[in-house]
Amino acid sequence: MLLTRQRRRAVIAGVVTVATAALGLGLSTQFASAQTTLRGAADDIGIDIGVAVNDSLLQNNQAYRELVAREFNSVTAENVMKMESVQPSQGQFNFAPGDRLVNFAQQNDMSVYGHTLVWHSQSPDWVENLSGTALRQAMENHITTTMNHWEGDIFAWDVVNEVVGDNNGQLRDSFWLQGMGENYIRWAFEAARAADPNADLYMNDYSIDGVNAKSDRYYQIAQDLVARDLLDGMGFQAHLILGQVPGTMEQNLQRFADLGLKVRITELDVRIQMPASQQELEQQAQDFQRVVEICTNIADCSGVTVWGVRDGDSWVPDVFEGYGAPLLFNDNNQPKPAYHAVLEALGGDGGPTTPPTSDPVTTTPPPTGSGCTATLTVQSPWNTGATYAGTVKANQSLSGWTVTWTWPGSERISNAWSIQGTLSGATVTASNVGYNGTLSAGQSTSFGFNITKPDGSTASVPTVTCTPA
Ligand code: XIL
């Protein structure tokens, strides 16, 4: 069995942390890099920077897809892998929306975190009406069938979500508990371990970010499950209020890591009472930065997932009245102060806070009359690299396209989005990915990539040839 992407990352992260600790240097000092995307910086230090993906935006909004693919190296389904979506009627499984996300992730070299198998919320009515053996069988069948379907595609699962209540650390009085008694948690993990022995198995909850009665209860449950080799990780949702990162958060995550578990921030957002002032956006940047630093400080922190892309995509305003603006991008797809703070916390270059001033240089368009035309534009150059935007315009209806060019010097692509193919050498041959191949005459689509180049050199703009598939 191949190592999963996540497991490879964890190994790299361990090495990095040991090295930094030995040198007594902070991560951000030692690993400040020229990376100008979150995923570039996160890849360099071997952790996941994830995002919750909304299925209808994934299907319908190209700017959204591009932003997700450019900035994140891991995804979680915001809703479509929950039980009401996966098994709306007993025995009838609906994997198509989840498959859509898995395909998108694979096309863009991202890992997929599974959320969630057993939860009191967003479960179908039919299961809520069962109890006893029938409920146990339904739970186990749901876990087995779902995990088998995505075996090898999903590296980790929230097996149970929110099983402790808000009442002094008692188990949540859900239909699962009422129908089966407290052993249901262990039974869920036994079924999950058997279904996919290579997946990491997590518990996940909110308001357990700091040390408190609720996280204490999880600590007890975790000890028991670890002793049975049923648990691999603990997920901390971290739906936070501005200025309220718990002072004990690092200590709390560390105690779970000390049990031999991975820890992960699974649903990060920082909500602000609206309207948000500039000062509050700066405070929010500090809060995000602190949470990411907590993860980079802990060797076994597998990553940080943000619960949505743009502020307008967030669940927060629907659920927390008067609150909003909890994410890293605004509704024009532009990064907020919190974005730059996260990039810095990941060891990246903090990036420009205003759009780059250099004049874009564009290729001469190829002769008219060919099936498609493509251009490259240098978007933001820096000393040792640059970000490029590419456009493909269809001159006839297309079911796919390939663009190719040769770098004049030692420029090389380091990471790319919305294209796939032979990308890393001197001659690049890149094709559309799943969602941007079909174009009608006159329609355009875009892609992008970062390159590395000799220090101080000008980012060149090679001539691109576009061929219909
Ligand atoms: C939320 C989604 O963001 C919403 O779109 C949906 O309507 C309700 O669920 N804890 C969890 C997530 O584990 O699944 C929840 O997601 C947010 C709280």
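Cut-offs and rules
Residues numbered from 1 in each chain as written. Predicted model: local features only at pLDDT ≥ 70, side-chain atom pairs only at ≥ 80, totals over all residues. Heavy atoms only, no water. Helix = DSSP H or I, 4+ residues; strand = E, 2+ residues; numbered from the N terminus. Buried < 20%, exposed > 50% of the residue type's maximum accessible area, 1.4 Å probe, protein only. Disulfide = S-S within 2.5 Å. Near = heavy atom within 4 Å. Polar contact = N/O pair within 3.5 Å; in protein donor to acceptor, adjacent residues only side chain to side chain. Areas by Shrake-Rupley, 256 points an atom, 1.4 Å probe, with all protein chains shown as cover. Nonpolar A, V, L, I, M, F, W, Y, C, P; charged D, E, K, R; others polar. Contact = heavy atoms within 4.5 Å. Pairing = 2+ DSSP bridges. Right-handed = clockwise from strand over helix to strand, strands pointing away. Axes fitted to C-alpha atoms, helices over the stretch in contact; angles between N-to-C directions. Core = buried A, V, L, I, M, F, W, Y, C linked by side-chain atoms within 4.5 Å. Salt bridge = Lys/Arg side-chain N within 4 Å of Asp/Glu carboxyl O.

Engineer: Hey, could you run me through the overall build of the protein in this one?
Structural biologist: Tallying secondary structure elements over the protein gives 16 helices and 18 strands in all. When the 469 residues of the protein are sorted by exposure, 54% land in the buried category.

Engineer: Would you explain the state of the cysteines in this entry?
Structural biologist: One covalent bond between the sulfur atoms of two cysteine residues makes up a disulfide. With the rule as written, the count across this model stands at two disulfides. The residue that forms a disulfide with Cys372 is Cys466, at a sulfur-sulfur distance of 2.1 Å. Across the disulfide from Cys372 to Cys466, rotation about the S-S bond amounts to roughly -100°, and the bridge is consequently left-handed. A residue pair is termed long-range when its members are at least 10 positions apart, and Cys372 in strand S11 (residues 372-382) and Cys466 in strand S18 (residues 465-468) qualify at 94 residues.

Engineer: How should the site of the ligand be read in this particular structure?
Structural biologist: What surrounds the ligand is a group of 13 residues, the closest being Glu78, Lys82, His115, Glu267 and Trp307. Between the ligand and His115 there is a distance of 2.7 Å, counted from an oxygen atom to a side-chain nitrogen or oxygen. For the ligand, whose accessible area on its own is 410 Å², the fraction buried by protein is 79%. The class makeup of the residues in the shell around the ligand is three nonpolar, six polar and four charged.

Engineer: Whenever I open this one, the side chain of His142 confuses me. Can you help?
Structural biologist: Positionally, His142 belongs in helix H9 (residues 132-149). Overall, the relative accessible area of 1% leaves His142 in the buried class. A polar contact is formed between the side chain of His142 and the side chain of Gln87, at a distance of 3.0 Å. Apart from the residues lying within four places of it in its own chain, the contact partners of His142 are Met83, Val86, Gln87, Phe93 and Leu117.

Engineer: Help me understand the pairing of strand S6 (residues 233-236) in this model?
Structural biologist: Both faces of the sheet carry side chains from a regular strand, because those side chains alternate between them. Here S6 shows no split at all, with Gly233 and Gly235 on one side and Met234 and Phe236 on the other all buried. The pairing of strand S5 (residues 200-205) with S6 spans four bridges and is parallel. The residue bridging Asp205 from the neighbouring strand is Phe236, located in S6. Following the backbone out of S5, through helix H12 (residues 213-227) and into the adjacent parallel S6, one traces a crossover that is right-handed. The pairing of S6 with strand S8 (residues 262-273) spans four bridges and is classified as parallel. Note on S8: the bridge partner recorded for Gly233 is Lys262.

Engineer: Help me understand the sheet that holds strand S14 (residues 412-417), please; the structure alone is not making it clear to me.
Structural biologist: Think of a sheet as strands paired side by side through backbone hydrogen bonds, with each pair either parallel or antiparallel. Strand order in the open sheet formed by four strands is S11-S12-S17-S14, with antiparallel pairing between adjacent strands. Edge positions in the open sheet fall to S11 and S14, since each of these has one partner strand only. Taken over all neighbouring pairs, the strand axes of this sheet differ in orientation by 25° on average, direction set aside. Summarising the sheet, S11 and strand S12 (residues 385-394) pair through ten bridges and their orientation is antiparallel. Bridging across to S12, Thr375 finds its partner in Thr391.

Engineer: Just checking my understanding: could you explain the side chain of Thr305 for this structure?
Structural biologist: Relative to the helices and strands, Thr305 is located in strand S9 (residues 301-306). Classification of Thr305 by relative accessible area gives buried; the value is 1%. Sequence-distant contacts of Thr305, that is, excluding residues within four places in its chain, are made with Gly50, Val51, Ala52, Thr76, Arg264, Ile265, Thr266, Glu267 and Leu268.

Engineer: Quick question: what am I supposed to make of the environment of Asn148 here?
Structural biologist: In this fold, Asn148 is placed in helix H9. Accessibility expressed as a relative area gives 39% for Asn148, which makes it partly exposed.

Engineer: Looking at this model, I keep getting lost on the nonpolar core. Mind explaining?
Structural biologist: Proteins that are soluble and globular tend to have nonpolar side chains buried together. Core analysis: the biggest nonpolar cluster contains 109 residues, and Trp176, Tyr184, Phe189, Met203 and Leu346 have the highest contact counts within it. When residues of this core are assigned to their parent elements, the largest contribution, eight residues, is made by helix H11 (residues 184-195). Ignoring any residue separated from it by four or fewer positions in sequence, one finds Met203 in contact with Val160, Phe189, Tyr218, Ile221, Ala222, Leu225, Leu231, Gly233, Met234 and Gly235. Grouped together as the second largest cluster of nonpolar side chains are 25 residues, Ala394, Leu398, Ile413 and Ala430 included.

Engineer: I would appreciate a short explanation of the sheet that holds S18 in the present structure.
Structural biologist: In space, the four strands of this open sheet follow the order S15-S16-S13-S18, with antiparallel pairing throughout. If you trace the sheet from one side to the other, it starts and ends with strand S15 (419-422) and S18, each paired once. Geometrically, the sheet is characterised by an average inter-axis angle of 25° between neighbouring strands, direction not taken into account. Both strand S13 (residues 401-406) and strand S16 (residues 427-432) contribute to a ladder of five bridges, which runs antiparallel. Bridge pairing links Thr406 to Thr427 in S16.

Engineer: What is the right way to look at the pattern of salt bridges in this model?
Structural biologist: Pairing is possible between side chains of opposite charge, provided their charged atoms come close. This structure, assessed with the given rule, holds 15 salt bridges. Salt-bridge contacts for Lys214 lead to Asp166; the nearest nitrogen and oxygen are separated by 2.8 Å. Placement of Lys214 in helix H12 and of Asp166 in the loop between strand S4 (154-161) and helix H10 (175-180) is noted, with a sequence separation of 48 residues between them. Look at Asp166 and you get exposed, because its relative accessible area is 54%. As a salt-bridge pair, Arg290 and Glu250 come within 3.1 Å of each other at their nearest N and O atoms. In this pair, Arg290 sits in helix H14 (residues 278-297) while Glu250 sits in helix H13 (residues 249-257), placing the two residues 40 residues apart along the sequence. Exposure remark for Arg290: the relative accessible area of 30% places this residue in the partly exposed category. By relative accessible area, Glu250 is classed as partly exposed at 24%. A single salt-bridge network, built from bridges that share partners, covers Asp166, Asp205 and Lys214.

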